[in-house]
Amino acid sequence: MERSRRREVLSADDVGRALTRIAHEVVERNHGLDGVVLVGLQRGGVWVAEALAERLATAGAAPPIGTLDVSFHRDDVGLRPIVPGSVTEIGFALDGAAVVLCDDVLYTGRTVRAALEALNEYGRPRSVQLAVIVDRGHRELPIRPDYVGKNLPTSRDENVTATADGVVIE
Amino acid sequence: MKHLLSIDDLSAADITDLLDLTDHMVEIGQRPIPKVPALRGKNVVSLFFEDSTRTRTSFDTAAKRLSADTLNFAVSSSSVNKGESLRDTIETITAMGVDAFVVRHRSSGVPQMLTAWTTASVINAGDGWHQHPTQALLDCYTIRTGLNRRDGFDGLTVAVVGDVKHSRVARSDVDAFAKLGARVILVAPPTLLPTHVETWPVEVSHDLDSVLGELDVLYLLRVQRERMDDGLLPSLREYSTCYGLTAARAGALPGHALVMHPGPMNRGVEMVVDPGELPGSVILHQVANGVAVRMAVLFRLLGAGTDLKGHA
């Protein structure tokens, strides 16, 4: 019975096309790629940053990529088990950079809030933008994405998975 | 995990889990602003009934990097001097709202007793000859990174040299190294070996020179000068001749071998050669890793809502 609820919302090709469009939007919004860096949120956002970088490389120079683990900045430390992803790796200075935070699914916005706070510890970017594959709604904080693969109305008891192979609700 | 009292309480998986978490803490330490808000509002009290430089400052730094509040209880200027009992002291501080005690005491078992008197987490920062678990964890982390052994110490040979009998560091380290799979050799004169050493997961040798060539890690313990009065050693000079790390002995170590020491070092006794000139010396890494390991311990005890391991 549970399996029947599973449905594919975007195919692998759809996700690929969304990424290509987002790449062009990033170039358009930033008037090129000068100072643009990509930061993928551990763990689900890392592949998004990599896929975006691949597409941006064809539009000019590939921007540097970092990954950010926000476990220690979350607002629910002590309320639920925190399982850190891989270790944060930001091998470039953020001062003056235009950071594009990349994640797979935007939901409550709490991870993004934690990420914004974590970024402060690495420097002062000139701007921070947010790119997500899926915006599924139910925001609990005043946070909105700058680049969206697909807006997807969902209910809270559904699970959304976004990978390069497609987007699935179950 | 509520308390950290002894390496005995940890499984190999628990140790590996803490060392994995330490990787994250090392990264935090490398940030331009090495501080995260994870333990905001938590109160960590350090209670040192014995002198300490590195352990105390290391815990203090660790707590601050996680944004916990820290309170240093200075025993020498406290009501302990008016005869207040340990139990009353603990209950008084607990009543002010404490999330963790970091305790060092000259008597074995004091941290264990504290757990009965307080609702806070208790971290053993050294009790008598018994245990010093965070030292063992930071030593494991230093070996893991120094020899690139993320998956355990299978096949590594570690010699722990010196006053094993009176050493809580040796007891904790031997336990931890053996749990992770290392072969451990104790090297000491018979007077400085513990009774019932045959129950330890170790081999025993009295001849340092005969084992040097097969070591991956040479771990020197501090010679506790106060032991000289107990007649356990003829003289410091003789100890140094038989068990001190001289330039010749350093040369007999395999090229990749690490040299470790928990500090404070007795130069000219167990450490004859200048450790700064030893390529394998990771003694300062041990100190640096101490902060990150203690952050991992504090976060694991105070930051997890439910037990990650789900000890059912």
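Residues numbered from 1 in each chain as written. Chains lettered and ligands numbered in written order. Predicted model: local features only at pLDDT ≥ 70, side-chain atom pairs only at ≥ 80, totals over all residues. Heavy atoms only, no water.

A. Inspection of the overall build of chain B at higher detail. Helix and strand content of chain B: 10 helices and nine strands. For chain B, whose C-alpha radius of gyration is 19 Å, the value lies close to the compact-globule estimate of 20 Å for 312 residues. The dimensions of chain B, computed from C-alpha atoms along their principal axes, are 55 × 45 × 40 Å. Burial analysis of chain B (312 residues in total) assigns 57% to the buried set. Averaging the coordinates of the 30 positive side-chain charges in chain B and doing the same for the 36 negative ones gives two points 6 Å apart. (Helix = DSSP H or I, 4+ residues; strand = E, 2+ residues; numbered from the N terminus. Rg over C-alpha atoms; globule rule 2.2 N^0.38 Å. Buried < 20%, exposed > 50% of the residue type's maximum accessible area, 1.4 Å probe, protein only. Lys, Arg positive; Asp, Glu negative; His and termini not counted. Charge placed at Lys NZ, Arg CZ, Asp CG, Glu CD.)

B. Main features of the pairing of strand E8 (residues 166–169) of chain A. All names here are of chain A. Here E8 shows no split at all, with Gly166 and Val168 on one side and Val167 and Ile169 on the other all buried. Of the pairings in the sheet, the one linking strand E1 (residues 7–11) to E8 comprises four bridges and is antiparallel in character. The residue bridging Ser11 from the neighbouring strand is Gly166, located in E8. Sheet analysis places strand E7 (residues 160–163) next to E8, joined by four bridges and oriented antiparallel. Each bridged residue has a counterpart across the sheet, and for Thr163 the counterpart in E8 is Gly166. (Pairing = 2+ DSSP bridges.)

C. Region of the structure containing the pairing of strand E2 (residues 69–74) of chain B. Residues and elements named next belong to chain B. Sheet topology places strand E1 (residues 43–48) next to E2; six bridges connect them, and they run parallel. The residue bridging Val44 from the neighbouring strand is Thr70, located in E2. Of the crossover connections in this fold, the one passing from E1 over helix H2 (residues 54–65) to the parallel E2 is right-handed. (Right-handed = clockwise from strand over helix to strand, strands pointing away.)

D. How the structure looks around the domain arrangement of chain B. Residue and element names in this part refer to chain B. One can read the domain layout of chain B as domain 1 (7–132 + 288–302) and domain 2 (133–283). Each of domain 1 and domain 2 has a C-alpha centre, and the two are 26 Å apart. The partner domain 2 presents 27 residues to the 31 residues of domain 1 that form the contact. Carbon and sulfur atoms make up 59% of the surface buried where domain 1 meets domain 2, a total of about 2,500 Å² over both sides. (Domains from an automatic or database assignment. Contact = heavy atoms within 4.5 Å. Buried area = accessible area lost by both parts, 1.4 Å probe.)

E. The sheet that holds E1 of chain B, seen in detail. All names here are of chain B. Read across the open sheet, the four strands follow the order E2-E1-E3-E4; overall the sheet is parallel. A single partner strand is all that each edge strand has here, and the edge strands are E2 and strand E4 (121–127). Here the average twist between neighbouring strands, direction ignored, is 15°. By the bridge criterion, five bridges tie strand E3 (residues 100–105) to E4 in an arrangement that is parallel. Pairing of Phe101 across the sheet is with Val122, part of E4. (Axes fitted to C-alpha atoms, helices over the stretch in contact; angles between N-to-C directions.)

F. Quick look at the interface of chain A and chain B. Listed per partner, the contact involves 19 residues of chain A and 19 residues of chain B. Summed over both sides, the interface of chain A with chain B buries roughly 1,600 Å², with 64% coming from carbon and sulfur. Between chain A and chain B we count one salt bridge in total. Here Glu121 of chain A makes a salt bridge to Arg31 of chain B, at a shortest N to O gap of 2.9 Å. Class assignment for the residues of the side of chain A that touches chain B results in nine nonpolar, six polar and four charged. (Salt bridge = Lys/Arg side-chain N within 4 Å of Asp/Glu carboxyl O. Nonpolar A, V, L, I, M, F, W, Y, C, P; charged D, E, K, R; others polar.)

G. Molecular detail of the packing of aromatic side chains. Under the criterion given, the structure shown has four aromatic pairs over all chains. Members of the aromatic cluster, each reached through a chain of ring pairs, are Phe153, Phe177 and Tyr219 of chain B. Sitting over the ring of Tyr107 of chain A, Arg136 of chain A keeps its end group 4.0 Å from the ring centre. The ring of Phe59 of chain B carries Arg294 of chain B above its face, with NZ or CZ at 5.1 Å from the centroid. (Phe/Tyr/Trp six-rings, centres within 6.5 Å; stacked < 30°, edge-to-face > 60°. Lys NZ or Arg CZ within 6 Å of the ring centre and 35° of its normal.)

H. Layout of the side chain of Arg74 of chain A. Residues and elements named next belong to chain A. By secondary structure assignment, the location of Arg74 is in the loop between strand E3 (65–68) and strand E4 (98–106). A polar contact is formed between the side chain of Arg74 and the side chain of Asp76, at a distance of 3.0 Å. Here the side chain of Arg74 touches Thr111 through a polar contact of 3.2 Å, side chain to side chain. (Polar contact = N/O pair within 3.5 Å; in protein donor to acceptor, adjacent residues only side chain to side chain.)

I. The arrangement of the nonpolar core in detail. The biggest cluster of nonpolar side chains holds 93 residues, and the ones touching the most others in it are Met25 and Leu218 of chain B. In terms of residues, this core owes the most to one element, helix H10 (residues 283–302) of chain B, which gives 11 residues. Sequence-distant contacts of Met25 of chain B, that is, excluding residues within four places in its chain, are made with Phe72 of chain A together with Leu66, Ala292, Met295, Ala296 and Phe299 of chain B. Judged by nonpolar contacts, the second largest core, of 29 residues, contains Ala51, Val105, Tyr147 and Ile169 of chain A. (Core = buried A, V, L, I, M, F, W, Y, C linked by side-chain atoms within 4.5 Å.)

J. Local environment of the packing of H2 of chain B against H10 of chain B. All names here are of chain B. Relative to each other, H2 and H10 sit at 55°, their axes nearing to 8 Å. Here H10 runs oblique to H2, going by the angle between their axes. Read as a crossing pair, H2 and H10 show a hand that is right-handed. Together, Arg54, Thr55, Ser58, Phe59, Thr61, Ala62, Ala63 and Arg65 of H2 and Val287, Gly290, Val291, Arg294, Met295 and Leu298 of H10 make up the contact between the two elements. Of the residues in the contact of H2 with H10, the class split is seven nonpolar, four polar and three charged. (Parallel < 35°, antiparallel > 145°, perpendicular 65-115°, else oblique. Left-handed = near helix turned anticlockwise from the far one by under 90°.)

K. Layout of the sheet that holds E8 of chain A. All names here are of chain A. With antiparallel pairing, the three strands of this open sheet are ordered in space as E1-E8-E7. The open sheet terminates on both sides in strands that have one partner only, identified here as E1 and E7. On average, each strand axis in the sheet is inclined to that of its neighbour by 15°, with strand direction left out of account. Contacts from helix H1 (residues 12–29) reach E1, E7 and E8, with the element oriented near 40° to E1.

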